[in-house]
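Residues per chain, in single letters:
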Amino acid sequence: RAQYARALDAVETHMDLNPDDARAATIRAVALCRVGRQAEGLEWGHRAVEIDPEDAGVRYNVACLCSVAGEVDRAVELVQGAVAAGFGNREWLERDPDLTAIRDDPRFQAILADM
């Protein structure tokens, strides 16, 4: 937790200088969630997607945050968008523990079937 707090300090400083860095916003989102500020972390995750909606990695990582937080509909939507934007690692989708909450969802299964 202390490491995430340090990362949060660093990424906040970086984002003050680079407010349109979607990947940094994703790191900020993860760090916030890991230090117990989940609502704020999810907000930053959604901002990251708004900054760069075509970044498959950003969409994937925010999908993981949403899945862990129980935001199933948003997580599935983000996975679908990540795949459409070029994320193609089916094995990762099948095994990432962060996606456990959505793995049995028929929409998620359809995404896998289409890959």
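Data block above holds the structure.
The sections below set out a description of the structure shown in this document. Predicted model only: the values in this text are computed from it and were never measured.

As for the pattern of salt bridges
With the rule as written, the count across this model stands at nine salt bridges. Linking R23 and D55 is a salt bridge whose minimum nitrogen-to-oxygen distance equals 3.0 Å. Of this pair, R23 sits in helix α2 (residues 22–34) while D55 sits in the loop between α3 (38–51) and α4 (56–69), and the two are 32 residues apart along the sequence. The partner of R37 in a salt bridge is E40, with the nearest N and O atoms 2.8 Å apart. A relative accessible area of 35% places R37 in the partly exposed class. Residues joined by salt bridges that share partners form a network here, namely D73, D105 and R107.

Overview of the packing of aromatic side chains
According to the stated counting rule, one finds three aromatic pairs in the structure shown. Here F87 and W92 contribute two aromatic rings whose centre-to-centre distance is 6.0 Å and whose plane-to-plane angle is 55°, an arrangement assigned as tilted. Residue F87 is classed as buried on the basis of its relative accessible area, which comes to 14%. With relative accessibility at 46%, the residue W92 sits in the partly exposed group. Ring-pair connections join several aromatic residues into one group, and the members of that group are Y60, F87 and W92. Sitting over the face of the ring of W44, R28 holds its NZ or CZ atom 3.9 Å from the ring centroid.

Comments concerning the environment of R37
Examined against the element boundaries, R37 turns out to sit in the loop between α2 and α3. It is 14 Å that separates the C-alpha atoms of R37 and T26, two residues lying eleven residues apart in sequence. With residues near it in sequence (within four places) discarded, R37 still touches L8 and L32. Polar side-chain contacts of R37 include one of 2.8 Å to the side chain of E40.

Details of the packing of α4 against helix α5 (residues 72–84)
Interaxial distance between α4 and α5 falls to 8 Å at its minimum, and their mutual angle equals 160°. Our classification of the angle between α4 and α5 gives roughly antiparallel. Relative to α5, α4 is oriented so that their crossing is left-handed. Counting all contacts with α4, which are made through A56, R59, Y60, V62, A63, C66 and S67, the residues of α5 involved are R74, A75, E77, L78, V79, G81 and A82. Taken together, the residues that form the contact of α4 with α5 break down as nine nonpolar, two polar and three charged.

Focus: the packing of α2 against α3
Two numbers describe how α2 lies on α3: the axes approach to 7 Å, and their chain directions differ by 165°. One element, α2, and the other, α3, form an angle in the roughly antiparallel class. The crossing of α2 and α3 is left-handed. Note on element contacts: α3 touches α2 through Q38, E40, G41, L42, W44, G45, A48 and I51, opposite A22, A25, T26, R28, A29, L32 and C33.

So, how was this worked out
In this numbering scheme, every chain counts its residues from 1 along its sequence in written order. Side-chain atom pairs in this predicted model are given and counted only at pLDDT of 80 or more, local residue features only at pLDDT of at least 70, and totals for whole chains, interfaces and linings cover all residues. Side-chain numbers come from the whole structure's heavy atoms, not from hydrogens or water. Basic side-chain nitrogens of Lys or Arg form a salt bridge, by our definition, when they fall within 4 Å of a carboxyl oxygen of Asp or Glu. We count a stretch as a helix when DSSP gives it H or I for four or more residues in a row; a strand needs E for two or more, and each element gets its number in order from the N terminus. Remark: exposure states derive from per-residue accessible area (1.4 Å probe, protein chains only) relative to the maximum for the residue type, with buried under 20%, exposed over 50%, and partly exposed in between. Pairing of aromatic rings covers Phe, Tyr and Trp, the last through its six-membered ring, and needs centres within 6.5 Å; plane angles under 30 degrees mean stacked, over 60 mean edge-to-face, and all others mean tilted. Note on geometry: a ring has a charge over it if NZ (lysine) or CZ (arginine) is within 6 Å of the ring centre and within 35 degrees of the ring normal. Residue contacts are defined here by distance: any two heavy atoms, one from each residue, within 4.5 Å place the two residues in contact. Whenever two N or O atoms come within 3.5 Å, that pair is a polar contact, provided that in protein one can donate a hydrogen and the other can accept it, and provided that, for residues adjacent in sequence, both atoms are side-chain atoms. Only the contacting stretch of a helix is used when fitting its axis, a line to C-alpha atoms as for every element, and angles between N-to-C directions run 0 to 180 degrees. By the definition adopted for this analysis, an angle is roughly parallel if under 35 degrees, roughly antiparallel if over 145, roughly perpendicular if from 65 to 115, and oblique otherwise. When the near helix sits turned anticlockwise from the far one by under a right angle, the crossing is termed left-handed; a clockwise turn instead gives a right-handed crossing. Residues are grouped as follows: nonpolar covers Ala, Val, Leu, Ile, Met, Phe, Trp, Tyr, Cys and Pro; charged covers Asp, Glu, Lys and Arg; every other residue, Gly included, is treated as polar.

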